[in-house]
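Observations on the model geometry
Single-letter residue listing:
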There are 2 protein chains.
Amino acid sequence: MSNDSKTTRITEPAAIESRSMEIINEELRARGARFASDNRELVILRRVIHTTADFDFADNLTFVNSATDAGVSALAQGSPIVTDTNMAKAGISRPALVRLGSSAHCFVADPDVAEAAREAQTTRAVMAMRKALRLHPDAILAVGNAPTALFELCEHLRAGAQPALVIAVPVGFVNVVEAKEETLALCKELGVPAIVARGRKGGSTVATAIANALLYEATRTK
Amino acid sequence: MSNDSKTTRITEPAAIESRSMEIINEELRARGARFASDNRELVILRRVIHTTADFDFADNLTFVNSATDAGVSALAQGSPIVTDTNMAKAGISRPALVRLGSSAHCFVADPDVAEAAREAQTTRAVMAMRKALRLHPDAILAVGNAPTALFELCEHLRAGAQPALVIAVPVGFVNVVEAKEETLALCKELGVPAIVARGRKGGSTVATAIANALLYEATRTK
């Protein structure tokens, strides 16, 4: 089977995806991945690797407080997803959102957010997080870009905010590791479900891949 | 300087970006990166690493036929960028596009593309590439997702198509390496400027990072 893809070109999209997942499974197994083969954390991890071709996520991706079940249940009940970038929002599966009665939102480009950020001399990401928590206090919050959004979120978590799930996967070199570690420790302590990509790696495509994997799981169980 | 980010939190966006680029420069230098420190290829590479935190791109990212100069010149003259996903399009800098009189397009979700793909029993990515080459024959074509879009592009290149620049950076496990190698070899042979992420890695954020790096270079020289 292993050299099939070299000799015959697979062209059917569903066949490409299933062959890709087979390859990912084989390589995860060869790495001695720490996941049981049938659980939802593995489903999420596979989708992230499918999106990045980066097996580092097998070591980096961390789940606390039954994060995957919390995310799937929330989506099955129509909870919205709020992203920190329009790029992440653009990648979220419309058909799955529609099927579940869920929705995706991003406030970072809203004029009132820009205005509030200027007045408060902070980032738009901070004010967008504040707006998200005000309008959708029980949302799934997916942060793939802005560590400042996570620092803001942490203050609200300390004050009692209870999002359905935090997806904390910004990418970068400055403040990023610190923001993700603080979010992870705080969520763990407060019982807030969270999926965190530890270390520098992450990004909008990673946030989207996790959201979509949860959406697909929710539609499967619907 | 190296542990500044641990002791003092840098919060100003421009300062965060410049500190990030310093860290990337330091690590590229430590790896003995093959780029001269002041050229445009290094500028593009740094932006890709900034977006992925993945130094593999220092080995994978390949430029042929004066790709960066071709891309910057085309954008300075207002050439459009066509992406293969709406996610990639969503990440492209609006202010830079406006400033240059350029524009970004993605046809993959167009009803006529979906209809044509159904009729021809092929992927929407193939028909979207065909539409892109018809409407914008001199565009910058940025492919971050669909290897089938690259196979289609290769047929048009053989038939004489001459896009301003090909950005070939799909991510994945099936057909992806083959599609990028075929595109790279063909562009090299035909004199078409191309930027290719060899191997499995790439994605929408990588396509967007390259497009934005070229846009920023074009606005700097304007």
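Residues numbered from 1 in each chain as written. Chains lettered and ligands numbered in written order. Predicted model: local features only at pLDDT ≥ 70, side-chain atom pairs only at ≥ 80, totals over all residues. Heavy atoms only, no water.

1. Structural notes on the pattern of salt bridges
On inspection of all chains with the given rule, the structure shows 34 salt bridges over all chains. The salt bridge involving E26(A) is made with R19(A); its shortest N-O contact spans 3.7 Å. On the basis of relative accessible area, R19(A) is assigned to the buried category, the value being 5%. Taken together, the shared-partner salt bridges in this structure form one network comprising D54(A), D56(A), K201(A), D54(B), D56(B) and K201(B). (Salt bridge = Lys/Arg side-chain N within 4 Å of Asp/Glu carboxyl O. Buried < 20%, exposed > 50% of the residue type's maximum accessible area, 1.4 Å probe, protein only.)

2. Here's the deal with the pairing of strand β5 (residues 165-168) of chain A
All names here are of chain A. Along β5, one buried face is formed by L165 and I167 and the opposite face, lined by V166 and A168, is buried too. Pairing geometry for strand β4 (residues 140-143) and β5, over 4 bridges, is parallel. Of the residues in β5, the one forming a bridge with I140 is L165. Chirality of the crossover, the property in question, places the unit of β4, helix α10 (residues 147-158) and β5 among those that are right-handed. In this structure, β5 lies alongside strand β6 (residues 194-197), joined through 3 bridges in parallel fashion. Directly across from I167, in β6, lies its bridge partner I195. A crossover connection joins β5 to the parallel β6 through helix α11 (residues 176-190); in handedness this β-α-β unit is right-handed. (Helix = DSSP H or I, 4+ residues; strand = E, 2+ residues; numbered from the N terminus. Pairing = 2+ DSSP bridges. Right-handed = clockwise from strand over helix to strand, strands pointing away.)

3. A look at the packing of aromatic side chains
Per the stated rule, a full pass over the model turns up 2 aromatic pairs over all chains. Ring centres of F173(A) and F55(B) lie 6.1 Å apart, and the angle between their planes is 85°; this geometry places the pair in the edge-to-face category. With F173(A) in the loop between β5 and α11 and F55(B) in the loop between α3 (40-52) and α4 (57-60), the pair connects residues from two separate chains. We note that F173(A), like F55(B), is buried. (Phe/Tyr/Trp six-rings, centres within 6.5 Å; stacked < 30°, edge-to-face > 60°.)

4. Looking at the sheet that holds strand β3 (residues 104-106) of chain A
All names here are of chain A. Taking strand neighbours across the sheet as the criterion, the 6 strands line up as β1-β6-β5-β4-β2-β3 in an open arrangement whose pairing is mixed. On the outer flanks of this sheet lie β1 (61-64) and β3, each paired with one strand and no other. Taking each pair of neighbouring strands and ignoring which way they run, the sheet shows an average axis angle of 15°. Across 3 bridges, the pairing between strand β2 (residues 81-83) and β3 is parallel. For V82, the partnering residue across the bridge sits in β3 and is H105. (Axes fitted to C-alpha atoms, helices over the stretch in contact; angles between N-to-C directions.)

5. Considerations on unusual backbone geometry
Residues and elements named next belong to chain A. With a phi close to 50°, S66 is a non-glycine residue in the positive phi region. You can see S66 is positioned in the loop between β1 and α5 (67-76). One non-glycine residue, Q121, lies in the positive phi region at around 50°.

6. Concerning the interface of chain A and chain B
Each side of the interface is counted separately: chain A has 35 residues, and chain B has 35 residues. When residues of chain A are sorted by the area they lose upon contact with chain B, M87(A), F173(A) and V174(A) head the list and together hold 26% of the total. Our count for the contact surface shared by chain A and chain B stands at 4 salt bridges. Residue K201(A) is joined to D54(B) by a salt bridge in which the shortest nitrogen-to-oxygen separation is 3.9 Å. Taken together, chain A and chain B are joined by 2 residue pairs in polar contact (both at pLDDT 80 or more). Of all the secondary-structure elements, those providing two or more residues to the side of chain A that touches chain B are α2 (13-30), α3 (40-52), α6 (86-91), α11 and α12 (204-221) of chain A. Here the element with the most residues in the side of chain A that touches chain B is α2(A); it accounts for 7 residues. Class assignment for the residues of the side of chain A that touches chain B results in 15 nonpolar, 12 polar and 8 charged. (Contact = heavy atoms within 4.5 Å. Buried area = accessible area lost by both parts, 1.4 Å probe. Polar contact = N/O pair within 3.5 Å; in protein donor to acceptor, adjacent residues only side chain to side chain. Nonpolar A, V, L, I, M, F, W, Y, C, P; charged D, E, K, R; others polar.)

7. Looking at the state of the cysteines
Residue and element names in this part refer to chain A. Tallied over the full model, the rule gives 0 disulfides over all chains. No disulfide involves C154; its nearest neighbouring cysteine sulfur is the one of C187, lying 6.8 Å away. Judged by relative accessible area, which is 0%, C154 ranks as buried. C187 sits in the buried class, given a relative accessible area of 0%. (Disulfide = S-S within 2.5 Å.)

8. Let's talk about the sheet that holds strand β3 (residues 104-106) of chain B
All names here are of chain B. Strand order across the open sheet formed by 6 strands is β1-β6-β5-β4-β2-β3, with mixed pairing between neighbours. The two strands at the open ends of the sheet, each matched to only one other strand, are β1 (61-64) and β3. Taking the axes of each pair of neighbouring strands and ignoring which way they run, one obtains an average angle of 15° across the sheet. Set on the sheet, helix α12 (residues 204-221) makes contact with β1, β2 (81-83), β4 (140-143), β5 (165-168) and β6 (194-197); between it and β5 the angle comes to about 145°.

9. A word on the confidence of the model for chain A
In low-pLDDT segments, the atomic positions of the prediction should not be examined closely. Per-residue pLDDT for chain A has a mean of 93; in total, 93% of the residues score no lower than 70. Reported confidences for the modelled complex are a pTM of 0.94 and an ipTM of 0.92. (pLDDT = per-residue confidence, 0-100.)

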